[in-house]
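Next come the chains, spelled out residue by residue.
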Amino acid sequence: MVNVAVLVSGGGTNLQALIDAEHAGLFPNARIVLVLSSRAGVKALERAEEAGIPTTVIAKDDYPEDEARADAILAALEGAGAGLVVLAGYMSILPVRVCRAYAGRLINIHPALLPRHGGVGYYGLRVHKAVLEAGDAESGATVHFVDDRGVDSGEIIAQARVPVLPDDTPEALQARVLEVEHRIFPEAVARLTAKATQ
Ligand code: GAR
């Protein structure tokens, strides 16, 4: 059984998709054992609590130093026995030490077709604004491994495409992309944990 830790910062619709997928039996070899948020009071934490999943908050304000934040995050992940760490709308940059400790077992979802519109400063609605400003005909979502070389730079695991429509707003495009995120993210967790033994 693979213990999955999900890192969040906001609304948590991807977390909800993962919880629903676990309940539906999509990844029988994995269970979500911890939800770690970079912000207190967010909807994602409510979703975790409703599902009976332990939560913790490790905010940059409380741990301004990278090293202390890395220690706190690593202690939480190790305490939960995490075998897979999933960034689901985690809007903080993970300390490099955490990336290294979980290399190959750390994945992220990004709301665009990487390598387009990724990297520092590209998160949430900003990504969709950039896609519209670039005049792209399509966008989508990417699940990828997180490495210690950069932001959104790791090996791609899965992508799904959506069209960009003529009258799109960033919010409308975000909603269309979220629909495919909610499909490919649980599928990626299922694939990555399929070979684990009970
Ligand atoms: C999602 O669109 C996710 O891809 C994006 O933030 C949103 C979180 O929504 N992540 C990033 O931009 C990371 N660079 P959610 O909290 O409802 O899952």
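Look up a bit, the structure's there.
Residues numbered from 1 in each chain as written. Predicted model: local features only at pLDDT ≥ 70, side-chain atom pairs only at ≥ 80, totals over all residues. Heavy atoms only, no water.

Trainee: Please give an account of the overall build of the chain that cites residues and values.
Mentor: The number of helices and strands found in the chain is six helices and seven strands. The N-to-C order of helical and strand elements in the chain reads β-α-β-α-β-α-β-α-β-α-β-β-α. Here the C-alpha atoms of the chain give a radius of gyration of 16 Å, agreeing with the 16 Å that 2.2 N^0.38 yields for 198 residues. Once the C-alpha set of the chain is aligned to its principal axes, its extents read approximately 50 × 40 × 30 Å. Per-residue burial over the chain gives 50% buried out of 198 residues. Contacts in the chain between residues at least 24 apart in sequence constitute 66% of all its contacts with a sequence separation of at least 6. In the chain, the 18 positive side-chain charges and the 25 negative ones have mean positions that sit 4 Å from each other. (Helix = DSSP H or I, 4+ residues; strand = E, 2+ residues; numbered from the N terminus. Rg over C-alpha atoms; globule rule 2.2 N^0.38 Å. Buried < 20%, exposed > 50% of the residue type's maximum accessible area, 1.4 Å probe, protein only. Contact = heavy atoms within 4.5 Å. Lys, Arg positive; Asp, Glu negative; His and termini not counted. Charge placed at Lys NZ, Arg CZ, Asp CG, Glu CD.)

Trainee: Lay out the sheet that holds strand E3 (residues 55–57) in plain terms, naming residues and giving numbers.
Mentor: One open sheet accounts for seven strands, arranged E3-E2-E1-E4-E5-E6-E7; its pairing is mixed. On the outer flanks of this sheet lie E3 and strand E7 (156–163), each paired with one strand and no other. Looking at each pair of strands side by side, their axes are set apart by 20° on average, direction ignored. Pairing analysis gives three bridges linking strand E2 (residues 30–37) to E3, with the strands arranged parallel. Its bridge partner being in E3, Leu 36 is matched across the sheet by Thr 56. (Pairing = 2+ DSSP bridges. Axes fitted to C-alpha atoms, helices over the stretch in contact; angles between N-to-C directions.)

Trainee: Quick one: what's the story with the side chain of Asp 136, residue by residue and with numbers?
Mentor: If you trace the backbone, Asp 136 turns up in the loop between helix H5 (125–134) and strand E6 (138–145). Leave out the neighbours within four places in its chain, and Asp 136 touches Arg 116, His 117, Val 131 and Val 164.

Trainee: Describe the nonpolar core, with residues and values.
Mentor: By size, the foremost hydrophobic cluster in this structure holds 39 residues, and its most contacted members are Val 6, Val 86 and Val 143. Per-element tally for this core: the top contributor is helix H6 (residues 170–193), with eight residues. If we ignore the near neighbours within four places in the chain, the residues touching Val 143 are Ile 107, Asn 108, Ile 109, Ile 156, Ile 157, Ala 158, Ile 184, Phe 185 and Ala 188. Core analysis: the second largest hydrophobic core is formed by 22 residues, Leu 77, Ala 80, Val 85 and Val 98 among them. (Core = buried A, V, L, I, M, F, W, Y, C linked by side-chain atoms within 4.5 Å.)

Trainee: Tell me about the site of the ligand, residues and numbers included.
Mentor: Around the ligand sit 14 residues, and of these Gly 12, Thr 13, Asn 14, Gly 124 and Glu 181 come closest. Side-chain polar atom of Thr 13 to an oxygen atom of the ligand: 2.6 Å apart, as the coordinates give it. Interatomic distance of 2.8 Å between a backbone N/O atom of Gly 124 and an oxygen atom of the ligand. Protein contact buries 92% of the 450 Å² of open area that the ligand shows by itself. The pocket occupied by the ligand, as judged from atoms lying within 2 Å of grid points, is the largest pocket. Sorting the residues of the shell around the ligand by element identifies helix H1 (13–23), strand E5 (106–110) and H6 as the ones contributing at least two each. Within the shell around the ligand, the residues separate by chemical class into six nonpolar, seven polar and one charged. (Near = heavy atom within 4 Å. Polar contact = N/O pair within 3.5 Å; in protein donor to acceptor, adjacent residues only side chain to side chain. Areas by Shrake-Rupley, 256 points an atom, 1.4 Å probe, with all protein chains shown as cover. 1 Å grid on protein atoms, 1.4 Å probe; cavity = no way out; pocket = protein on both sides within 12 Å on 5 of 7 lines; lining within 4 Å. Sits in = over half its atoms within 2 Å of the grid points. Nonpolar A, V, L, I, M, F, W, Y, C, P; charged D, E, K, R; others polar.)

Trainee: Report on the pairing of E2, specifying residues and quantitative values.
Mentor: By the criterion of burial, E2 is predominantly enclosed, with seven of the eight residues buried. Here strand E1 (residues 2–8) pairs with E2 via seven bridges, running parallel. Bridge pairing in E2 links Val 8 to Ser 37. The β-α-β motif built from E1, the intervening H1 and the parallel element E2 has right-handed crossover chirality. Traced from E2 through helix H2 (residues 43–50) to E3, the parallel crossover comes out right-handed. (Right-handed = clockwise from strand over helix to strand, strands pointing away.)

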